[in-house]
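The residues making up each chain are set out below.
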Amino acid sequence: MMPGMTLHAPCATPPAIGRRIIVTGCDHTYFHLVDELVASIRDHADTPIGVIDCGMTAEQVARLQGQGIQIIAPHIPDYAPRRAIRNRPSLAINISKLWLDQMLPEFDLIAWLDADTWVQDGRALEQVFAAGEGRALAIVPEIGAKIANLLGVRWICPGWMQIRSFLYKNASRARLPFHIRKRIGAKPLLNAGVFCLHRNATIWPVLRRWQALILPRRGMAFTQDQLCMALAVYIDGQPVTFLDNSHNYLGPWLLDETTGQLANLFFPHPPVGIVHMASQKAMRSALENTMTIPTVQGGQVAVNLRYAGMRQFWRNRSETV
């Protein structure tokens, strides 16, 4: 176990479903992704869904409300960088992530899924909720299939190197002291694209304390959520439950042709639970944009990793068989 961190095992009994919610957020440009995310959730669960509105059109809001989706106004604290948010309203989504307990006091368990995620296996969603029931931060550390890129290092000369990890770089941008940068710099990033917290979890005020320190310094609205989570866990020792990478899968990508599902790189290649298309700008923007990925069976296929893209891929394939 890493110093300054308490690991908690996921709760063995499933949480009561009446007091939980899945939350995401978007502006008008990401609405098509949220629309697909909602459809993927509904394939597996009737859990209430909320969407933080940071610039959707009236028609888009009406479409979500027609599906019973709760529309949520963002929470923008006084110390937030107003000019940056005016220029890019969607930044308020990442800021609001750390206020969800106050924004949604009627729910006990709050699961966050980024707009560019979708649910392939409903069991992963249930496990995310179960992990959060213990009032620890339930989240996926960026290790596992991408372990070769866990820590970025630039060698300056023999015996000297520069740490280039996400946490170290962002802690430096936030002007945090070196003793803090040193303690978190080599730790795995806690990816805030998928996480779950109980509304009574002790980490909420700790997250906001770090946010209040970081945002006024550099206005790092886009990345502050992940940095705050790392600081709360690695520096303050807030409890965390680590979920495996299938609950927030960023690749490498693999397709199982026998099941028609995206599969985990690790043998025996179980299905990915929650797909996260971070850094996949082309595929997120248009379904005709694809990438060629290997299959478990040794072949290759060109697919778009979006929910709609995978459904279209298998419709096309079934028509040609």
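Summary of the structure given here. (Residues numbered from 1 in each chain as written. Predicted model: local features only at pLDDT ≥ 70, side-chain atom pairs only at ≥ 80, totals over all residues. Heavy atoms only, no water.)

This part takes up the overall build of the protein chain. Secondary structure assignment for the protein chain yields 12 helices and 16 strands. Burial statistics for the protein chain: of 321 residues in total, 53% are counted as buried. Carbon and sulfur atoms make up 55% of the accessible area of the protein chain, which totals about 14,500 Å². (Helix = DSSP H or I, 4+ residues; strand = E, 2+ residues; numbered from the N terminus. Buried < 20%, exposed > 50% of the residue type's maximum accessible area, 1.4 Å probe, protein only. Areas by Shrake-Rupley, 256 points an atom, 1.4 Å probe, with all protein chains shown as cover.)

Helical geometry: 3.6 residues make up each α-helical turn, so side chains three or four residues apart lie on a common side. The end-to-end C-alpha distance of helix α1 (residues 31–42) is 16 Å, a good match for the 16 Å that 12 residues give at a rise of 1.5 Å each. The buried fraction of α1 is high, at 9 of 12 residues. Residues of α1 that are buried: Phe 31, Leu 33, Val 34, Asp 35, Glu 36, Leu 37, Val 38, Ser 40 and Ile 41. (Expected span 1.5 Å × (residues − 1).)

Once that is clear, we can look at the pairing of strand β5 (residues 109–113). With respect to burial, β5 is a largely interior element, 5 of its 5 residues being buried. Alternating residues of β5 divide into Leu 109, Ala 111 and Leu 113 and Ile 110 and Trp 112, and every residue in both groups is buried. Taken together, the 5 bridges between β5 and strand β10 (residues 190–198) define a ladder with antiparallel strand orientation. Counterpart to Trp 112 in the pairing with β10 is Phe 195. (Pairing = 2+ DSSP bridges.)

Throughout the structure, instances matching the rule amount to 3 aromatic pairs. A ring pair is formed by Phe 313 and Trp 314, whose centres lie 5.0 Å apart and whose planes are at 85°; its orientation type is edge-to-face. Across from the ring centre of Trp 99, 4.8 Å away, lies the NZ or CZ of Arg 208, which sits over that ring. (Phe/Tyr/Trp six-rings, centres within 6.5 Å; stacked < 30°, edge-to-face > 60°. Lys NZ or Arg CZ within 6 Å of the ring centre and 35° of its normal.)

Look at the link from Gly 251 to Pro 252: it is a cis peptide, with omega at 0°. Residue Pro 268 is bonded to the preceding Phe 267 through a cis peptide linkage, with omega at 10°. In this fold, Pro 268 is placed in the loop between β13 (261–262) and β14 (274–276). Unlike most non-glycine residues, Ser 279 shows phi in positive territory, near 65°. Turning to its location among the elements, Ser 279 is positioned in the loop between β14 and α11 (281–285).

Before going further, it helps to spend a moment on empty space enclosed by the protein. Under the definition given, this model contains 2 cavities of 30 Å³ or more. Counted as a void, the second largest cavity has a volume near 30 Å³. Lining of the second largest cavity is provided by Leu 33, Glu 36, Leu 37, Ala 115, Asp 116, Thr 117, Trp 118, Met 277, Arg 306 and Tyr 307. Those elements that place two or more of their residues in the lining of the second largest cavity are α1 and β6 (117–119). In terms of residue count, the dominant contributor to the lining of the second largest cavity is α1 (3 residues). Partitioning the lining of the second largest cavity into residue classes produces 6 nonpolar, 1 polar and 3 charged. (1 Å grid on protein atoms, 1.4 Å probe; cavity = no way out; pocket = protein on both sides within 12 Å on 5 of 7 lines; lining within 4 Å. Points joined across faces, edges and corners; volume = space filled by probe spheres on them. Nonpolar A, V, L, I, M, F, W, Y, C, P; charged D, E, K, R; others polar.)

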